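The primary structure of each chain is shown beneath.
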Amino acid sequence: SVMPWISLSQGVLALGAGVYVVFEVLGRPRYSALAQWIRLVLLLSILGPLSWYRNLELIAVGRLAVACIVTPMLLWSVARALQLQLRQLVGATWRPITSAAAMVIVVLGTDAFVTGEPLLHLAAQILFGAAAYLATLLLLWAAAGFGPGPEDDFIRWCKRHLVQFA
């Protein structure tokens, strides 16, 4: 199945998605452009040869490989630009990375009990994968002591916007 690989790839890519904007804000648009060009060259150099096999799953795995190569580079480069220590970087990324891994396990697990209609299977993978990611992220945040972070912002947003529907 292609979905678990795409899900994990998107989870990994999401960790570095804001890096390009950070470089622009810091007045380093060349770093942003260079990082995007490096990602494109890696995508082409890995996915090009894999496309000869005409196997979507193999291409999705290749895309994940590119994400796993590029994302640490992006995070490390922005950490250096912001003068962050490795400990701070790991502290900010371990929960999303662990949550993405849990999401993939759940998405792979849907194959065991959701069969039949492909659209239903895809919908189940999306629903269960998203639920697993969110649940794992919030549980890890709770285990870490409910410190300030994106999870706290999410909870406050939900309280402000979703209470009106209760």
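Given the structure is predicted, the values throughout are model-derived calculations rather than measurements.

Let us now look at the confidence of the model for the chain. The predicted model of the chain has a mean per-residue pLDDT of 89, with 99% of residues at 70 or higher. When mean pLDDT is compared element by element in the chain, helix α3 (residues 29-51) scores highest at 94, while helix α1 (residues 3-15) scores lowest at 82.

This paragraph deals with the layout of surface pockets. Size it by volume and the largest pocket reaches roughly 210 Å³. As for the largest pocket, its lining consists of Leu15, Gly91, Ala92, Thr93, Arg95, Pro96, Tyr133, Leu137, Pro148, Gly149, Pro150 and Glu151. Ranked by residues supplied to the lining of the largest pocket, first place goes to helix α5 (residues 86-113) with 5 residues. Split by residue class, the lining of the largest pocket holds 7 nonpolar, 3 polar and 2 charged.

Together, Leu34, Ile38, Ile69 and Met73 line one region of the surface with nonpolar side chains, adding up to about 340 Å² of accessible area. Of all the secondary structure elements, the ones that give two or more residues to the nonpolar patch are α3 and α4 (56-81). Among the residues examined, isoleucine 38 registers a relative accessible area of 34% and is labelled partly exposed.

The rules we used
Residues numbered from 1 in each chain as written. Predicted model: local features only at pLDDT ≥ 70, side-chain atom pairs only at ≥ 80, totals over all residues. Heavy atoms only, no water. pLDDT = per-residue confidence, 0-100. Helix = DSSP H or I, 4+ residues; strand = E, 2+ residues; numbered from the N terminus. 1 Å grid on protein atoms, 1.4 Å probe; cavity = no way out; pocket = protein on both sides within 12 Å on 5 of 7 lines; lining within 4 Å. Points joined across faces, edges and corners; volume = space filled by probe spheres on them. Nonpolar A, V, L, I, M, F, W, Y, C, P; charged D, E, K, R; others polar. Patch = residues over 30% accessible without salt bridge, like charges linked within 9 Å, V, L, I, M, F, W, Y side chains within 5 Å. Areas by Shrake-Rupley, 256 points an atom, 1.4 Å probe, with all protein chains shown as cover. Salt bridge = Lys/Arg side-chain N within 4 Å of Asp/Glu carboxyl O. Buried < 20%, exposed > 50% of the residue type's maximum accessible area, 1.4 Å probe, protein only.

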